[in-house]
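A look at the structure
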Amino acid sequence: MSEFQPLPALTLYDPFDGMRFSYQHCFLCGMPTRPPQDTVPVFADWLMTRYHLHERQVKLLDMSIVQYQDLRIACCEHCRTHHVEPLEAHVAAAADRGITGLRGLDDQTMFLWLGKMFYGILVTELLTELDPLARPQYPLAENAQLFRRFQAFFQPFQALRVPMEYEDFVPGSLFILEAEAQEDTIPFEYDDDLGTLTFSIKLDNTVIIACLADNGIVRQAMRRVYQDAYRPLHPVQIAEFKARVYYAAYLLNVVPNYFPRLVKPGDQELVMDALIDDVTGDIFNPWENNTYGQSLLEMWKRWQIPLEEILRNPAEPLTFLYDADGQPRVLHNYPENS
Ligand SMILES: [Zn+2]
C-alpha cells in the first residue's frame, strides 16, 4: 500500500496499464481497496430496493448464477462518498419523478450512471473468466474489438471522478422510450450485449437504451426512428426498437479515440477531444435483414414470434413501429385480436 500515490486532480486513471481490474483497486482512481467493505453495488441500493432485486438472480456468461446484491465493484471511500453516491442520489431523485425526471437529466449524468452499471457487469464477467474454474463459451478477454471499445469508453467515463467537459461530442448513444401502460407488465428489466457495449434497463414505464462507446453515431443514424418512437409504445414495439439499436451497434465499424487536453495551471476541468479514425472507410458494415431478423427474434422471445413470420418478406422484416405505408403505427394490443 505504501507505494501508492493518490492521483493529482484532473489526472486520469489508466487501469489498462497492467490490467488492474480487481477487487483490490478502486475502479475510479486505482487506490488500494479492501473488499468487501470498499465496494459499491453495480445496481445501486435504491434501485435494488425499489425493484426488489437484492436476491434476484443474474446469469453470467460462464453460466454461473449470482444475485444482484452480490454484483459489486471495488471503490475507495473517497470515490464512493464524493462521486458514486452523489450520482446515484441525483438519478434516484430524477427517477422519483418518472420518465419526465429521467429525460430531464443531462447526457453526461445519464452516460455516467449507465456507464457505472455497464462497467460493473463487464468487469464482473472479466474477473469471473480469470477464475480457473470458469469456462466461458465466448471468452471476453480474447475479444480485441471489445477491449478497444472498453478503453475508449473508459476515458469519458472518468468524468465520474474528474470534472470534465466533452468538446463537441457525446460519448454514447442514448434513447429513452416510454412504455404504454395497457400491456406493460414488467417493472424492471436489464439486458446487454457486452461485445458492443450496448445495454438496456427498464424502470417502470421508462426504457433506457444505450450504446456506450459509439460517439453518438448510432443515435445519429437512428434519429428519424427515434423521433417516430417518441410516444408511448407497446412493449413489442420497444423490443423492436431495441433490436434495431443492438443490431446497429453490432454493425458499427469504428471505435472513437478520446484525448484529454493538456492541463494548464488554474484549470478547473479537463477538456476531452474525440477523434474517429478511418473516416474514409464505412462507418457501418452493410445491413443484412437475415441477421437483423435474428436480433428481432431474440428481442421478441417473450411473444414467440417465429423467424419465418419475421422474415416473411425478406426485403422488409416484420415491423410494429411502422405500418404498411411507412407511417408510425399505433398499437395498443398484441396479438391485435386478443
Ligand atoms: Zn477511488
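Quick note: structure is the one above.
A brief look at the structure comes next.

What counts as what
- Residues numbered from 1 in each chain as written.
- Predicted model: local features only at pLDDT ≥ 70, side-chain atom pairs only at ≥ 80, totals over all residues.
- Helix = DSSP H or I, 4+ residues; strand = E, 2+ residues; numbered from the N terminus.
- Rg over C-alpha atoms; globule rule 2.2 N^0.38 Å.
- Contact = placed C-beta atoms within 7 Å.
- Buried ≥ 20, exposed ≤ 12 C-beta atoms within 10 Å, placed from the backbone.
- Pairing = 2+ DSSP bridges.
- Axes fitted to C-alpha atoms, helices over the stretch in contact; angles between N-to-C directions.
- Core = buried A, V, L, I, M, F, W, Y, C linked by C-beta atoms within 7 Å.
- Arc of directions from axis to C-beta.
- Parallel < 35°, antiparallel > 145°, perpendicular 65-115°, else oblique.
- Left-handed = near helix turned anticlockwise from the far one by under 90°.

Another aspect to go through is the overall build of the chain. In terms of regular secondary structure, the chain is built from 10 helices and 12 strands. Relative to the 2.2 N^0.38 estimate, which gives 20 Å for 338 residues, the radius of gyration of the chain is 20 Å and therefore close to what a compact globule would have. Long-range contacts, defined here as pairs at least 24 residues apart, represent 70% of the contacts in the chain between residues at least 6 apart.

P36 follows P35 through a cis peptide bond whose omega is 0 degrees. Within the secondary structure layout, P36 lies in the segment before β1 (39-41). The amide bond that connects Y334 to the next residue, P335, takes the cis arrangement and shows omega of -5 degrees. Among the secondary structure elements, P335 is positioned in the segment after α10 (307-310). At L10, a position not held by glycine, the phi torsion is positive, near 60 degrees. Assessed through the 16 C-beta atoms surrounding it within 10 Å, L10 is described here as partly exposed. Here Q304, not a glycine, exhibits a phi torsion of approximately 50 degrees, which is positive. When you line up the elements, Q304 lands in the loop between α9 (289-299) and α10.

What follows concerns the sheet that holds strand β10 (residues 232-233). Read from one edge to the other, the open sheet built from 5 strands follows the order β7-β8-β9-β6-β10, with strand pairing classed as mixed. Looking at which strands have only one partner, the edges of the open sheet turn out to be β7 (188-193) and β10. As paired elements, strand β6 (residues 173-179) and β10 share 2 bridges and run parallel to each other. Considered in β10, the bridge of E178 is made with P232. This element, helix α4 (residues 107-130), spans β6, β7, β8 (198-203) and β9 (206-211) of the sheet and lies at about 95 degrees to β6.

With that settled, the discussion passes to the nonpolar core. Note that soluble globular proteins tend to have their nonpolar side chains buried in a common cluster. Ranked by size, the top nonpolar core spans 79 residues in total, and within it C26, F43, C75, F118, L212, V218 and V245 carry the most contacts. Residue contributions to this core peak at 11 residues, all from α4. Dropping the residues within four chain positions of it, C75 is found in contact with C26, F27, L28, T33, D38, T39, V40, R80 and V84.

So, about the sheet that holds strand β12 (residues 270-276). Strand order in the open sheet formed by 3 strands is β5-β12-β11, with mixed pairing between adjacent strands. In this open sheet, the two edge strands, each paired with only one partner strand, are β5 (164-166) and β11 (256-260). Between one strand axis and the next, the sheet turns through 30 degrees on average, direction left out of account. In this sheet, β12 lies alongside β5 in parallel orientation, the contact comprising 3 bridges.

This brings us to α9. Of the residues making up α9, those classed as buried are Y292, G293, S295, L296 and M299. Viewed along the axis of α9, the buried residues span an arc of 160 degrees, placing them on a single side of the element. Where the residues of α9 are buried, they touch α8 (235-251) and α10.

Examined bridge by bridge, β7 and β8 share 6 bridges and lie antiparallel to one another. What sits directly across from D193, in β8, is T198. Hairpin connection from β7 to β8: 4 residues lie between these consecutive antiparallel strands, with L197 at a positive phi of about 55 degrees.

Contact geometry of α4 with helix α5 (residues 144-157) gives a least axis separation of 11 Å together with a crossing angle of 140 degrees. On the basis of the axis angle, α4 is oblique to α5. Every pair of crossing elements has a handedness; the one defined by α4 and α5 is left-handed. Every residue of α5 that contacts α4 at L112, G115, Y119 and L122 is listed here: F150, F153 and F157.

Scope: geometric values only; no functional claims are made or implied.
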